[in-house]
Amino acid sequence: MKESLCWLCRNPSRVSCEKCTVTACTSGHMNAHFSDIEGKEKRCRPIRVENLPEVGNCLIATRSIKAGEVILQESPALISPSLVSTSVCLDCLNTWQGSALCSRCGFPVCSTECEEGTHHQQECGILSELPTRPTFLQEERKNPAMALVGVIRFLQLDGDLADRVASLMDHVDDIQANPDLSNMWEGTAVHSLVHQLPNSKYTKQEVLRAVGVLHTNSVAGMGKGHALYPTFRAQVDIPEGEEITTQYLTPLIGTMARRQKIRKNWFFDCTCRRCSDSQELGTFLSGVVCRQCQGT
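An account of the accompanying structure is given in this report. From a predicted model like this one, the values you see are computed outputs, not experimental measurements. (Residues numbered from 1 in each chain as written. Predicted model: local features only at pLDDT ≥ 70, side-chain atom pairs only at ≥ 80, totals over all residues. Heavy atoms only, no water.)

## Considering the packing of helix H4 (residues 147-155) against helix H8 (residues 204-217)
When two helices pack together, their arrangement is given by the angle between the helix axes and the distance between those axes. Where H4 contacts H8, the axes come no closer than 9 Å and their chain directions differ by 105 degrees. One way to sum up the angle between H4 and H8 is to call them roughly perpendicular. On the side of H4, the interface is formed by Gly 150, Val 151, Phe 154 and Leu 155, while H8 contributes Glu 206, Val 207, Arg 209, Ala 210, Val 211, Val 213 and Leu 214. Here the contact of H4 with H8 is composed, by residue class, of eight nonpolar, one polar and two charged. (Axes fitted to C-alpha atoms, helices over the stretch in contact; angles between N-to-C directions. Helix = DSSP H or I, 4+ residues; strand = E, 2+ residues; numbered from the N terminus. Parallel < 35°, antiparallel > 145°, perpendicular 65-115°, else oblique. Contact = heavy atoms within 4.5 Å. Nonpolar A, V, L, I, M, F, W, Y, C, P; charged D, E, K, R; others polar.)

Below you can see the structure in the form of structure tokens.
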């Protein structure tokens, strides 16, 4: 008899769902099997995690999913500025207006209220201990110091939440094998939080793990403040047992440029139907027009 494996981490199961066939290794992982949006009925997520060759961790449909159906919706593990971000308020994440800095850590905030906000308090104490305060300009397109916020918030996760994100891929080996990425994160996150921070409790590998998880798994959100629930909805019918995929980049980018960017940012070669079709599913988006006959 085949051993039942946890839907989330693939370890041997000890708990079974009363509503479906999914099993889990702990009550915490079983709780993660249910949607957890406040004010909404808890429902079984129609997914399980598997590790496939050349793909890594991915989601598999545990039942047939209809087009338009919500596959996954939940509160995020953390909300922060992106790893490559312009200057934003560290509490409400609104665009920084250039007029206020936190009196303790020197990072951008909107007001005294945001300086005292619960979200900013996650990293304020640590940032305030750094011996050198970064400079922030309202017109800059990105500021490397903003990446420290997400890394610190990630490193402070604990309990069931930390256990759940432990299964996320980080591609640290790929980051370290890329001189540009390795030097960038060594010179910013690792230098600040491991070497500069007095009596730092963080190691180089922990910081790079945080960078890797955020780099690989973050989703850009559109929402007001922290009232944000990432929602993934099926665009087509998905049969039971099929891998659930998502769109990483706009389809208006041609295959060659799109695959190069996916390889650079997410460290894999996409083999979806569109990337595998020389005609890009009949769109000929990367086609070259003949000057004589106007054919592609």
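Now that the structure has been shown, the text picks up again.
## What to know about the pairing of strand S3 (residues 47-52)
Pairing of S3 with strand S4 (residues 56-61), which is carried by six bridges, proceeds in the antiparallel orientation. Counterpart to Ile 47 in the pairing with S4 is Ala 61. (Pairing = 2+ DSSP bridges.)

## Section: the nonpolar core
Core analysis: the largest hydrophobic core is formed by 45 residues, its most contacted members being Phe 107, Leu 127, Val 151, Phe 154, Trp 185, Leu 193 and Val 207. Where this core is concerned, the elements lending two or more residues are helix H3 (121-127), H4, helix H6 (172-177), helix H7 (179-196) and H8. Those residues in contact with Phe 107 that sit more than four places away from it in its chain are Leu 90, Leu 101, Cys 102, Leu 127, Pro 134, Phe 136, Ala 145 and Leu 148. (Core = buried A, V, L, I, M, F, W, Y, C linked by side-chain atoms within 4.5 Å. Buried < 20%, exposed > 50% of the residue type's maximum accessible area, 1.4 Å probe, protein only.)

## Side note on helix H9 (residues 255-266)
The end-to-end C-alpha distance of H9, which contains 12 residues, comes to 16 Å, matching closely the 16 Å that a straight helix rising 1.5 Å per residue would cover. Regarding H9, the residues found buried are Thr 255, Arg 258, Ile 262 and Trp 266. When H9 is viewed along its axis, its buried side chains cluster within an angular range of 65 degrees and face the same direction. Opposite the buried face of H9, by more than 90 degrees, sit the exposed residues Met 256, Gln 260 and Lys 264. Buried positions along H9 lie against H8 and helix H10 (273-276). (Expected span 1.5 Å × (residues − 1). Arc of directions from axis to C-beta.)

## Concerning unusual backbone geometry
With the exception of glycine, most residues fall at negative phi, and the peptide bonds are largely trans. One non-glycine residue, Arg 10, lies in the positive phi region at around 70 degrees. One can find Arg 10 in the segment before strand S1 (15-16). Positive phi, normally seen in glycine, also occurs at Leu 93, with a value near 65 degrees. Mapped onto the secondary structure, Leu 93 falls in the loop between strand S5 (70-73) and helix H2 (112-115).

## So, the pattern of salt bridges
Considering all chains together, one arrives at 10 salt bridges under this definition. A salt bridge links Glu 50 to Arg 48, with the nearest nitrogen and oxygen atoms 2.8 Å apart. A relative accessible area of 18% means that Glu 50 is categorised as buried. On the basis of relative accessible area, Arg 48 is assigned to the partly exposed category, the value being 25%. Between Arg 104 and Glu 116 there is a salt bridge, with its nearest N and O atoms 3.3 Å apart. Note that Arg 104 is positioned in the loop between S5 and H2 and Glu 116 in the loop between H2 and H3, a separation of 12 residues in sequence. Judged by relative accessible area, Arg 104 falls into the partly exposed class, the value being 32%. On the accessibility criterion, Glu 116 (45% relative accessible area) is partly exposed. One network of salt bridges, in which partners are shared, links Arg 104, Glu 115 and Glu 116. (Salt bridge = Lys/Arg side-chain N within 4 Å of Asp/Glu carboxyl O.)

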